[in-house]
Amino acid sequence: MSSETKTVNKGSKMPEFLRKIFVGLKRRPSMIALIVLVVAFLYYSLNLTQISNTTAKIQGPGMGLCGFATMLFSMLSLVCFLNAFPRRKKPVIPMIVLMCLMFGVIIFCDIYYRGLIMTAITRAENPIVVDQQTIYIAKAYNILLDHIVIEGIGVALIVLMPLYTKLLKKVNTSVVVEDYGKMGAIDISGEE
């Protein structure tokens, strides 16, 4: 690449890779919330062993159903999210409502599951003892709290999307291309 066609970034004072990230976020600000929701889904699914072992050990009423519903609605909420915010179109309100209902079910299932764990550990008759062999119960209890927090952050990012969309539009990502005085020599009139 010759020095005459070199791009000089004088419009914004940020590195080029960061400028490209901001340009992408300005075009699709919904990606911020999507990334957080994908992190929540991955966090839950990669720690599903502790959840499943806890369900098998405690066998509380509805524990398996809560784990299944959380996994199912986590996947379906991602599909709804992608349909709720299509590229270069207005958001689809029915999909947003359906997605929010799914988030409500996910958070309810996590809270209910945590309650069942606490009930099994603290009950008067035959309580489940958390020791070195059953440490996965404590891990599952903490994983569910973390999952609730990450899901809550994702929901907050969806709700606050109009606000940070306006803030992202204020970020200067322009690039000034210098022509070194040669643009005047180009004839664009079409006459010969």
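See above for the structure.
Since we're looking at a predicted model, the values are computed, not measured.

Cut-offs and rules
Residues numbered from 1 in each chain as written. Predicted model: local features only at pLDDT ≥ 70, side-chain atom pairs only at ≥ 80, totals over all residues. Heavy atoms only, no water. Helix = DSSP H or I, 4+ residues; strand = E, 2+ residues; numbered from the N terminus. Buried < 20%, exposed > 50% of the residue type's maximum accessible area, 1.4 Å probe, protein only. Core = buried A, V, L, I, M, F, W, Y, C linked by side-chain atoms within 4.5 Å. Contact = heavy atoms within 4.5 Å. Lys, Arg positive; Asp, Glu negative; His and termini not counted. Salt bridge = Lys/Arg side-chain N within 4 Å of Asp/Glu carboxyl O. Polar contact = N/O pair within 3.5 Å; in protein donor to acceptor, adjacent residues only side chain to side chain.

Caption draft 1: Layout of the side chain of histidine 147. Position of histidine 147 among the secondary structure elements: in helix α6 (residues 135–159). Residue histidine 147 is classed as buried on the basis of its relative accessible area of 0%.

Caption draft 2: Structural view of the nonpolar core. With 41 residues, the main nonpolar core has Phe81, Phe85, Met99, Ile117 and Ile158 as its most contacted residues. Secondary-structure elements contributing two or more residues to this core are α2 (30–46), α3 (48–58), α4 (63–84), α5 (93–122), α6 and α7 (161–169). For this core, the element with the highest residue contribution is α5, accounting for 10 residues. Once residues lying within four places of it in the same chain are set aside, the contact partners of methionine 99 are Ser77, Cys80, Phe81, Phe85 and Ile158.

Caption draft 3: Representation of unusual backbone geometry. Its identity as a non-glycine residue notwithstanding, glutamine 59 has a phi of 55 degrees, on the positive side. Inspection of the secondary structure assignment puts glutamine 59 in the loop between α3 and α4. A relative accessible area of 62% means that glutamine 59 is categorised as exposed. Positive phi, close to 50 degrees, is recorded for asparagine 126, a residue that is not glycine. With respect to the helices and strands, asparagine 126 occurs in the loop between α5 and α6.

Caption draft 4: Here's a closer look at the side chain of aspartate 110. Relative to the helices and strands, aspartate 110 resides in helix α5. Of the side chains with opposite charge, arginine 114 lies nearest to the buried aspartate 110, which makes no salt bridge, at 8.4 Å. There is a polar contact of 2.5 Å between the side chain of aspartate 110 and the side chain of histidine 147. Ignoring any residue separated from it by four or fewer positions in sequence, one finds aspartate 110 in contact with Tyr44, Thr70, Leu144, His147 and Ile148.

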